[in-house]
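# A look at the structure
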Amino acid sequence: MAAVVLLEALALLGAAAWYAFELLTGAPVLTFWGAVFTLGLLLAFSTWLFAVGHYLFRGYRWTRAAALVAQLFVLTIGFPTMTAGLVMPGLAMIVPAVAAIIFLFHKDVIAYASRTGSTPGVL
């Protein structure tokens, strides 16, 4: 489960790098500061997913809710992308998000991610 979240974070970081490259090479944008803001959001969300994946791997309970919210955001972007005619990019977002949601509610993940801040690790 943590691997799916970390791979999503890597993909988002790659998208941010590509976006920054396009921004630096002079790709046309509506507003420069709006593009910088979008780049900041991509980097912030990628950082958040890396943290969620790390703490999910360590078994913290709060990470299941954070991962679920992230997957719902991905689905919110993935379905319109797919229905707009970009089937492969849409599926590239939808399939990992659905897999992550299924994993989040698996009994082994629930049992593993039951650590709170004051108790020792489950491993």
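Description of the structure in this document. (Residues numbered from 1 in each chain as written. Predicted model: local features only at pLDDT ≥ 70, side-chain atom pairs only at ≥ 80, totals over all residues. Heavy atoms only, no water.)

Another point: helix α4 (residues 87-104). Under the 1.5 Å per step criterion, the end-to-end length of α4 is 25 Å for 18 residues, consistent within 8% with the ideal 26 Å. Among all positions of α4, only Gly90, Ile94, Ala97, Ala100, Ile101 and Leu104 are buried. The buried side chains of α4 occupy one side of the element, clustering within an arc of 135 degrees when seen end-on. Along α4, exposed side chains directed more than 90 degrees from the buried face belong to Met88, Ala92, Val95 and Ile102. Structurally, α4 contributes buried residues whose contacts are with α1 (2-24), α3 (62-83) and α5 (107-112). (Helix = DSSP H or I, 4+ residues; strand = E, 2+ residues; numbered from the N terminus. Expected span 1.5 Å × (residues − 1). Buried < 20%, exposed > 50% of the residue type's maximum accessible area, 1.4 Å probe, protein only. Arc of directions from axis to C-beta. Contact = heavy atoms within 4.5 Å.)

The subject of this paragraph is the side chain of Gln71. Tracing the backbone through its elements, the reader meets Gln71 in helix α3. A distance of 2.8 Å separates polar atoms of two side chains, one belonging to Gln71 and the other to Glu8. Ignoring anything within four residues of it in the chain, the contact list for Gln71 reads Val5, Glu8, Pro96, Ala97, Ala100 and Ile101. (Polar contact = N/O pair within 3.5 Å; in protein donor to acceptor, adjacent residues only side chain to side chain.)

Let's shift gears to the nonpolar core. The tendency in soluble globular proteins is for nonpolar side chains to be buried side by side. Formed by 16 residues in total, the largest nonpolar core has its most connected members in Met1, Val5, Leu49, Val52, Leu56 and Ala67. If you list the elements that add at least two residues to this core, you get α1, α2 (32-58), α3 and α4. Top contributing element to this core by residue count: α1, with 5 residues. The contacts of Leu56, once residues within four sequence positions are left out, are Met1, Ala2, Val5, Thr63, Arg64, Tyr112 and Ala113. Counting residues in each nonpolar core, the second largest holds 5 residues, with Val74, Leu75, Ala97 and Ile101 among its members. (Core = buried A, V, L, I, M, F, W, Y, C linked by side-chain atoms within 4.5 Å.)

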